[in-house]
Amino acid sequence: MNIGFWSCIILVIPFLIIGVLFAIFKEKAAKFVSGFNSFSKEEQALYDKACSSLEKFSR
C-alpha cells in the first residue's frame with residue numbers, strides 16, 4: 001500500500017465529519033464556511049445562510 005492510498009483513507013474521516021455537520025445543522029452550518037464568522041452580525045444577516053451551506057457541496 002502506498003502513501004496516496006493511506007492519505008485518501010485518512011482524509012475521508014474529516015470530510016465525512018464535515019459532511020455530517022452540514023447535513024445536521026443545515027442553515028446553522030453557515031458559520032463553518034470560511035470567513036463567515038469574520039463578518040459583523042449585520043453583514044451576516046445579508047447572506048442567505050441556507051445557500052451558503054449548500055454551496056460547499058455543489059462544487
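Bear in mind the structure is a predicted one, so any value in this text is a computation, not a measurement.

## Points about helix 1 (residues 3–25)
Then, in step 1: Here helix 1 spans 34 Å end to end across 23 residues, near enough to the 33 Å set by a 1.5 Å rise per residue.
Then, in step 2: Most pronounced at V12, the bend in helix 1 amounts to some 25°, and the proline P14 follows within four residues.

## Structural notes on the confidence of the model for the protein
Then, in step 1: Per-residue pLDDT for the protein has a mean of 76; in total, 69% of the residues score no lower than 70.
Then, in step 2: Across the protein, the element-wise mean pLDDT spans from 55 in helix 3 (residues 49–58) up to 90 in helix 1.

## Structural notes on the packing of aromatic side chains
Then, in step 1: If you walk through the whole model with that rule in mind, you get 1 aromatic pair.
Then, in step 2: Centroid distance F5 to W6: 5.3 Å. Interplanar angle 80°. Geometry classified as edge-to-face.
Then, in step 3: Owing to a relative accessible area of 37%, F5 belongs among the partly exposed residues under this scheme.

The rules we used
Residues numbered from 1 in each chain as written. Predicted model: local features only at pLDDT ≥ 70, side-chain atom pairs only at ≥ 80, totals over all residues. Heavy atoms only, no water. Helix = DSSP H or I, 4+ residues; strand = E, 2+ residues; numbered from the N terminus. Expected span 1.5 Å × (residues − 1). Bend = angle between axes of the 7 residues up to and from the residue. pLDDT = per-residue confidence, 0-100. Phe/Tyr/Trp six-rings, centres within 6.5 Å; stacked < 30°, edge-to-face > 60°. Buried < 20%, exposed > 50% of the residue type's maximum accessible area, 1.4 Å probe, protein only.

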